[in-house]
Amino acid sequence: MKVIGPEEIRIDSTLAEEVARRSGENVFLCYQCRKCASGCPSRTFMDSTPTELMRYVQLGMIDEAMKGNTAWFCVSCQTCSTRCPQDIDIAHVIDTLRIIVQEKKIKAETNNIRLFNRIWMIAMKYIGRMYEAGLVGSLNLFTGKPFKDMALGVKMIRKGKIKMIPPIRNPFPTMKMFSRAKGLKK
Ligand code: SF4
Ligand code: SF4
C-alpha cells in the first residue's frame, strides 16, 4: 500500500466556499456525527446519506456530491437541520446544491429527476399546489412512455384519490412568490 505524505493531501474547498457564499452555511463545521442521516426519512432511497453528502462537499468531491440522487431525493423535511448539533441548515445546503447542479448543467445519474423537479415547480408556480395526475402524465409523456401508469391513474381517479382536473384556485400568490424569488437571485 502506498503511504501518502501530508504534502500530497489536497482538499479542494471551491464547492464548500460556493455553498457557504450562497447559503451562509459552513459545511466545515460538520464533524460527521451522523445525526442528520439517522433521522432522514429518505436515506434508504439515497445513493449517499446526508452525512456523506456533507463530507463530499467538505472535500470538494463534486461528482459524488452532485451526480448521485441524494440531493434530489431530499424532501426538505428539515429533520436534519433540526437535529444537527452544529446548527448547520443541511436542508438549505442541499437546496443550494440542487441550484448549483442545474446552473452548471451537471447531469445527475438518477433517471429523470431533473425533469420531475421542473414539472413539479411548474405545477407549484401556476396551480399553487401539487397536481398529481398532471405530474405523472407529463413525466410519462416526456420520457416517451405516455401510457405507463394509465390503468392505475384511471383507477385512482375513479376512487377519488387523485383529481382529473387541476385544482386551480388563485394562482397569483404563488406566481408572485416565484417572481420575487427570481428577483432575489439577481
Ligand atoms: S431535509 Fe432532506 S436530507 Fe434532511 S432529513 Fe429531510 S429528507 Fe433528509
Ligand atoms: S448532524 Fe450536523 S454535524 Fe452531524 S453529521 Fe450531520 S451535518 Fe454533520
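Computed from a predicted model, the values in this text were never measured in an experiment.

Caption draft 1: Region of interest: the side chain of Asn140. Structurally, Asn140 can be placed in helix H9 (residues 132-142). The contacts of Asn140, once residues within four sequence positions are left out, are Lys145, Pro146, Lys148 and Asp149.

Caption draft 2: Main features of the packing of helix H3 (residues 50-59) against helix H7 (residues 90-103). Contact pair H3 / H7: the axes reach a minimum separation of 11 Å and the direction vectors enclose 60°. Looking at the two axes, H3 sits oblique to H7. Here the hand of the crossing between H3 and H7 comes out left-handed. Residues Pro50, Leu53, Met54 and Val57 of H3 touch H7, and the partners they reach there are Ile90, Val93, Ile94 and Leu97.

Caption draft 3: Representation of the site of ligand 2 in the model. Around ligand 2 sit 13 residues, and of these Cys30, Cys33, Arg34, Cys36 and Cys84 come closest. At the level of elements, helix H2 (35-39) and H3 are the ones that each hand at least two residues to the shell around ligand 2. Its residues assigned to classes, the shell around ligand 2 shows eight nonpolar, three polar and two charged.

Caption draft 4: Geometry of the domain arrangement of the protein chain. Partitioning the protein chain into domains gives domain 1 (12-103) and domain 2 (113-185). Computed over C-alpha atoms, the centres of domain 1 and domain 2 are 26 Å apart. Counting from both sides, the interface comprises four residues of domain 1 and, opposite them, five residues of domain 2. Both sides of the domain 1 and domain 2 interface together cover about 460 Å² of buried area, and 59% of this is carbon and sulfur. Contact with domain 2 buries surface across domain 1, with Trp72, Gln102 and Glu103 losing the most and accounting together for 79% of the total. Elements with a minimum of two residues in the side of domain 1 that touches domain 2: helix H5 (70-73) and H7. Taken together, the residues that form the side of domain 1 that touches domain 2 break down as two nonpolar, one polar and one charged.

About the criteria used
Residues numbered from 1 in each chain as written. Chains lettered and ligands numbered in written order. Predicted model: local features only at pLDDT ≥ 70, side-chain atom pairs only at ≥ 80, totals over all residues. Heavy atoms only, no water. Helix = DSSP H or I, 4+ residues; strand = E, 2+ residues; numbered from the N terminus. Contact = heavy atoms within 4.5 Å. Axes fitted to C-alpha atoms, helices over the stretch in contact; angles between N-to-C directions. Parallel < 35°, antiparallel > 145°, perpendicular 65-115°, else oblique. Left-handed = near helix turned anticlockwise from the far one by under 90°. Near = heavy atom within 4 Å. Nonpolar A, V, L, I, M, F, W, Y, C, P; charged D, E, K, R; others polar. Domains from an automatic or database assignment. Buried area = accessible area lost by both parts, 1.4 Å probe.

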